[in-house]
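# Observations on chain architecture
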Amino acid sequence: GAAAGAVSRTATAPIDRVKMLLQAHHGRSGLSIGAAIERISAEAGWKAYFRGNGANCLKITPETAIKLSTNDRMKLWLYGRTHDLSAPERVVCGGLSGGIAQAAIYPLEVVRTRLAVAPPGTYHGIADCLFKVARAEGMLA
């Protein structure tokens, strides 16, 4: 599961990097998809498309583990069983477990986004990004 998640995240990393760059520059004129691609390529060639991918791959394992384990716990806690649930009951359990998983891995999501959209040289890896963000903006950044 974790390996498949890392492979899929890596395969889509270039598209994700362009998307995040466009989202970070929303409202500013002059950044089209073509301009974003050129800007990323100018940073460091093809490797620039994978900035932030390490954090993205690192978060997939705990995210999946938390989702799966809390999903079963939610089923037992809310309905007293893990099988034979209706579709709405499964949606409730899945939504709650997904929300819990996202809250737990949120720091890595912040790191992934910061690494992807910050100017080159701002951060020197995942740990450096975590420490700099926590120091400058606090633990709730």
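Summarised in this report is the structure supplied together with it. (Residues numbered from 1 in each chain as written. Predicted model: local features only at pLDDT ≥ 70, side-chain atom pairs only at ≥ 80, totals over all residues. Heavy atoms only, no water.)

## Digging into the packing of aromatic side chains
So the rule is basically this: Centres within 6.5 Å make a pair out of two Phe, Tyr or Trp rings, where for Trp the six-membered ring is used; the pair is then stacked when the planes are under 30 degrees apart, edge-to-face when over 60, and tilted otherwise. Each residue is placed in one exposure class: buried if its accessible area under a 1.4 Å probe, protein chains only, is under 20% of its type's maximum, exposed if it is over 50%, and partly exposed if it falls in between.
Taken as a whole, this structure holds one aromatic pair when the rule is applied. Judged by centre distance (6.3 Å) and plane angle (75 degrees), the ring pair of W46 and F50 falls under edge-to-face. Residue F50 is classed as partly exposed on the basis of its relative accessible area of 29%.

## Focus on helix α6 (residues 126-137)
Three- or four-residue spacings in an α-helix give side chains the same orientation, since the helix completes a turn every 3.6 residues. What counts is decided by this rule: Elements are defined by DSSP. Helices are runs of H or I of four residues or more, strands are runs of E of two residues or more, and each kind is numbered from the N terminus. Here, expected helix span is obtained from the residue count minus one, scaled by 1.5 Å.
Given a rise of 1.5 Å per residue, 12 residues ought to cover 16 Å, and the 16 Å separating the end C-alpha atoms of α6 matches this to within 8%. A positive backbone phi angle near 90 degrees is found at G138, which sits one or two residues after α6.

## Let's talk about the side chain of E89
Applied cut-off: Throughout, a residue-residue contact means that at least one pair of heavy atoms, one from each residue, lies within 4.5 Å.
Structurally, the position occupied by E89 is in helix α5 (residues 87-117). Judged by its relative accessible area of 17%, E89 is buried. Aside from chain neighbours lying at most four places away, what touches E89 is Y79 and R81.

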